[in-house]
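Read off the chains here:
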Amino acid sequence: MAQVVTIPTRPARIAALNDRYRHHAAIRVLRDALRDPELGRVAMVSSFGADSVALLHMIALVDRDTPVLFVDTQMLFPETLAYQQEVAAKLGLTDVRIIRATPAAIAAADPDGDLNQTNPDACCDLRKTVPLNKALQGFDSWITGRKRFQAASRADIDFFEEDPAGPRIKINPLAHWTAQDVADYIVNNNLPRHPLVSQGYPSIGCAPCTSPVQEGEDPRAGRWRGQQKTECGIHFVNGKLQRIQPAEAEPAEAETAAFEPVDGQPVIVRDSGFAADDFTGEILDLESDTNLDEANVNFREAELIRIAFPSFTDGRGFTIARRLRMAGYKGRLRAHGHVIADQFPMARRSGFDEVEIDADLARRQPWELWKRSSEVAPSYLTRLGRQA
Amino acid sequence: MYHHTEFDRAFVVDRAQRFRDQVQRRISGALTEDEFRPLRLMNGVYLQLHAYMLRIAIPYGTISPDQMRQLAVIADRWDKGYGHFTTRQNIQFNWPKLVDIPDMLDALAEVGMHAIQTSGNTIRNVTADHFAGAAADEIADPRPYAELIRQWSTDHPEFQFLPRKFKIAVSGSPNDRAVVKSHDIGLRMVEKDGESGFEVSVGGGLGRTPLVGKVINEFVPVADLLPYLEAILSAYNSVGRRDNKYKARLKIAVQELGIDHIRELVDERFAEIRPKFDGTDQTILDQIAARFGQPTLVSGRSTADYDAAREADPIFRSWADTNLHAHKHADYAIVTVSLKKHGATPGDATFDQMRVLADLAERFGQGDLRISHEQNVVLPHIHKADLAALHAALREADLGTANLGLISDIIACPGLDYCALATARSIPIAQQIATRFDELKLEHEIGELKIKISGCINACGHHHVGHIGILGLDRAGVENYQVTLGGDGTETMSVGERAGPGFSKDEIIPAIERLVYGYLDVREDASETFLQAYRRLGPEPFKAALYPEKAAA
Ligand code: SF4
Ligand code: SF4
């Protein structure tokens, strides 16, 4: 007997996706979306603008080989281009594709580079929409950083929506984020900010079309100031197809040179990796039961204070470190003994600069583990305004 | 209901991911079992008698219908179809496989739940009054403060490896339903010169050495709360004993060093720490308070149906008499759903029951659900006109037991059926007592009587504060039960006294029966509870009932 197969329409699929992902946090949306057969081949589109780094960081955590499409309108701030390279290298993104309009198209439609003043929609079409649509040909879905709070026209976007410009699905993992969520995320993960943010540009597009925003103004007020335009072509317009010029992907930064632990010699763990001990001066050693209030030591003078962790379950050293920092100690602080990789973020947040372990432990828990554990979760304490 | 921020969501997702990684590393051998142990404990994973156990936090006992449904999914998919609500506002699953736990944590993270710091030597799940925001006698809703404390203590870098576990409870009402004085830190909301703050007590605890907390500071203003707590923890991390795990709790430090010495130490630390808080926590506190949606309470709807149902249906009336509490709005009631059906395991709920509770909370109760430390479920805002329909639906799901505060509303720890430390079984004793008094049809006649049972000296069943406490021990391979009398776990907290020699598992039920008949004989009238009679008469008449041979001799 013949079987009736109903293929759900795109709106139905999108509704089902939104329902299924309803309770997901942003990073979970990303992680699942990248392997959801419903969404097919997925690319991310990023402007490397003011807030982009949050989503880029997440994608790097989930899968740094995800294709990231960056549209260079050739009207961008030089700071944006430099920032794009810095972020891609820092996050280890391996497949950033730079998308541009062809020289022929530009020569034909905007030879003097002033189309943005006479007809900004046509300019966006030429420099963004058309090249991007072309670049998206090989993909079924694309990830954007759009958030509800950004504009009244975005107030009801959801995690998944139809792309009006083509057959694809748009994925908006940050749909429900607030400005504060983004700011928290960037601070807590210690991510580099776009250099123009500190100069009053909370939303950054092309140089001719972006101006700084005054305190209290809507963050997107600086985009297309004085014009009846709030969205650029990428998120709106249905463009005609043209050739594209795919650029070379940025080469990923070389891995830090491997460090081999040597028996009998201490291994120093820092944010930058494992290293041999480079310190040759005098070390002030404190036991885990040191009573700072009674100890007769002038710790302020010490160049390096080393606090013992006789066992990783003995957390007294964390309090000693915090108290030394609160008392104004500015020198080097080292945790010494049985400290495990998962305690690295605790040690760093308690004021330690580094950890000293033996070669055995270093072999069993290689740098990779320390690094992963130091990509720390956001910190409630920082958010609550507790100064280190 | 507290609505989670994106920050909260990202945090739990990250932690679930991290734990998945740690499980991998344990399996690959990068982590030794010794090193894995505290990590799994930080994520609520215990190794029990038969299997791993996963303990999930229900912070300050507040849970949404969606979260409850997700617990049902977990019980159904990864456990044996039920979960066990504990005396600390947690839920435990007793049968997960280690390899499944990362998936369970992911499923929890989807609804903003987690198992972070439900075990290990760190600051545990913060508990609060389960009637918060609804009770008639409340000064302020304690949950925003409990949530602030939860955020501050979560992943606090300095306090993940304390000498021992650390428990904090908050009460917003003079009737202390959160038993704050049995916690390492107990916070009781008070007002002074028009300003809100907390009376702080420290060093309470049950366990092997039951001690009532001592007041360390009569008034800490709200703005100083976090730095003051941090000062206590900092002092404890420095002076708490690490040589003997049974002497490592804060209560022992308070007992050995004296409350004055501890206060001095805390004051010094407070002076160091206070300037490090820049006040952002107070802004966040306001945001948290705003994220607790207020119930919409309607006035003017008739409650005549309720009165009529009381008249018409004696089963409904008896349930309403025991399982309702006064709501701050006269047309509403606080409903406690008993998870203590006669003969069942106290605190257990099946996945079907969890779904029913979630649905009923949405249908009648504004989507608000609570878990009480007495292992029951609370629907805090039910209009009186809806009570009869609610009760009918509960009965259909086998949740209509009318025994709140009565002899069969027993708190019992998991005991030898699950717990690796146990010396005796506790759940079967609870079941037999409940069944016996149900047969005797005496339960409502006896009135308020709290029996609490622990399966070993660690006292997770809080037997010290039961009006009748039962402690199961192992005497040369045979289970033996000691009885304590006169304990009280409320604001008039007292520790029960041992009555005499223990009873075998066959003798204990008849002994409790004699004891209760003895009380019925000596009470002044039906309004005098067991505890009141005990306090009036002292232990002698009760001992005589327990040990008739001796009395006769
Ligand atoms: S933002 Fe301005 S310059 Fe850039 S493409 Fe659009 S209109 Fe043209
Ligand atoms: S009291 Fe003893 S037996 Fe009962 S749960 Fe606690 S440790 Fe286990």
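Residues numbered from 1 in each chain as written. Chains lettered and ligands numbered in written order. Predicted model: local features only at pLDDT ≥ 70, side-chain atom pairs only at ≥ 80, totals over all residues. Heavy atoms only, no water.

Draft legend 1. Examining the site of ligand 1 more closely. Residue and element names in this part refer to chain A. The full set close to ligand 1 counts 9 residues, and Pro 120, Cys 123, Cys 124, Cys 206 and Cys 209 are the nearest of them. Residue contributions to the shell around ligand 1 peak at 5 residues, all from helix α7 (residues 120-135). Classifying every residue of the shell around ligand 1 gives 6 nonpolar, 1 polar and 2 charged. (Near = heavy atom within 4 Å. Helix = DSSP H or I, 4+ residues; strand = E, 2+ residues; numbered from the N terminus. Nonpolar A, V, L, I, M, F, W, Y, C, P; charged D, E, K, R; others polar.)

Draft legend 2. Spotlight on helix α5 (residues 143-153) of chain B. All names here are of chain B. The element α5 is largely enclosed, with a buried count of 11 among its 11 residues. Every buried residue belonging to α5 is among Arg 143, Pro 144, Tyr 145, Ala 146, Glu 147, Leu 148, Ile 149, Arg 150, Gln 151, Trp 152 and Ser 153, and all of these are buried. Phi turns positive, to about 65°, at Asp 155, one or two residues after α5. (Buried < 20%, exposed > 50% of the residue type's maximum accessible area, 1.4 Å probe, protein only.)

Draft legend 3. Region of interest: the nonpolar core. A:Ile305, A:Ile307, A:Leu324, A:Trp370, B:Met68, B:Leu71 and B:Trp319 are the most contacted members of the largest nonpolar core, which totals 95 residues. Counting residues in hydrophobic clusters, the runner-up holds 52 residues, among them A:Ala25, A:Met75, A:Ala175 and B:Val12. (Core = buried A, V, L, I, M, F, W, Y, C linked by side-chain atoms within 4.5 Å.)

Draft legend 4. Summary view of the sheet that holds strand β9 (residues 283-286) of chain A. All names here are of chain A. An order of β8-β7-β12-β11-β10-β9 is seen for the 6 strands of this open sheet, with the pairing classed as mixed. Both edges of this open sheet fall to β8 (273-276) and β9, since each of them pairs with a single strand only. Pairs of neighbouring strands in the sheet enclose a mean axial angle of 30°, with direction left out of account. Both strand β10 (residues 304-309) and strand β11 (residues 332-337) contribute to a ladder of 6 bridges, which runs parallel. Across the sheet, Arg 306 pairs through a bridge with Arg 334, a residue of β11. Packed on one face of the sheet, helix α9 (residues 316-326) meets β9, β10 and β11 and runs near 160° to β10. (Pairing = 2+ DSSP bridges. Axes fitted to C-alpha atoms, helices over the stretch in contact; angles between N-to-C directions. Contact = heavy atoms within 4.5 Å.)

Draft legend 5. Main features of the environment of B:Met53. Residue and element names in this part refer to chain B. Within the secondary structure layout, Met 53 lies in strand β2 (residues 52-57). Judged by relative accessible area, Met 53 falls into the buried class, the value being 1%. Those residues within four positions of Met 53 in sequence are excluded, and the remaining contacts are Gly 44, Val 45, Tyr 46, Gln 48, Gln 92, Phe 93, Asn 94 and Pro 96.

Draft legend 6. The arrangement of the packing of helix α2 (residues 26-34) of chain A against helix α3 (residues 52-63) of chain A in detail. Residues and elements named next belong to chain A. Two elements in contact, α2 and α3, have axes separated by 10 Å at closest approach and are oriented at 50°. Considered as vectors, α2 and α3 are oriented oblique to each other. For the pair α2 and α3, the crossing hand works out as right-handed. For the pair α2 and α3, the contacting residues are Ala 26, Ile 27, Leu 30, Arg 31 and Leu 34 in the first and Leu 55, Met 58, Ile 59, Leu 61, Val 62 and Asp 63 in the second. For the contact of α2 with α3, a count of residues per class yields 9 nonpolar, no polar and 2 charged. (Parallel < 35°, antiparallel > 145°, perpendicular 65-115°, else oblique. Left-handed = near helix turned anticlockwise from the far one by under 90°.)

Draft legend 7. Up close: the pattern of salt bridges. Counting across every chain of the model gives 68 salt bridges over all chains. Residues A:Glu356 and A:Arg306 are paired through a salt bridge, measuring 3.1 Å at the closest nitrogen-oxygen approach. One end of the pair, A:Glu356, is in strand β12 (residues 354-357); the other, A:Arg306, is in strand β10, with 50 residues separating them in the sequence. Across the pair, A:Arg306 and A:Glu356 agree in class, each one buried. Linking B:Arg523 and B:Glu445 is a salt bridge whose minimum nitrogen-to-oxygen distance equals 2.7 Å. Here B:Arg523, found in the loop between α16 (508-522) and α17 (530-537), pairs with B:Glu445, found in helix α15 (residues 443-446); they are 78 residues apart in sequence, far enough to count as distant. Taking the relative accessible area as the measure of exposure, B:Glu445 reaches 45% and is therefore partly exposed. Counted as one network, the salt bridges with shared partners bring together A:Arg270, A:Asp277, A:Asp278, A:Asp285, A:Arg306, A:Arg332, A:Arg334, A:Glu354 and A:Glu356. (Salt bridge = Lys/Arg side-chain N within 4 Å of Asp/Glu carboxyl O.)

Draft legend 8. Region of the structure containing the side chain of B:Glu528. Residue and element names in this part refer to chain B. Secondary-structure assignment places Glu 528 in the loop between α16 and α17. Judged by its relative accessible area of 7%, Glu 528 is buried. Not counting chain neighbours up to four residues away, the residues in contact with Glu 528 comprise Tyr 519, Val 522, Arg 523, Ala 533 and Arg 536.

Draft legend 9. Quick peek at the UniProt feature "domain: Nitrite/sulphite reductase 4Fe-4S" (unreviewed entry) in chain B. The sites that UniProt annotates as "domain: Nitrite/sulphite reductase 4Fe-4S" (unreviewed entry) are residues 119-271 and 409-542 of chain B. Along residues 409-542 of chain B the backbone is 33% helical and 19% strand, and the end-to-end C-alpha distance reaches 21 Å. (UniProt positions renumbered as here; feature names shortened; annotations may be inferred.)

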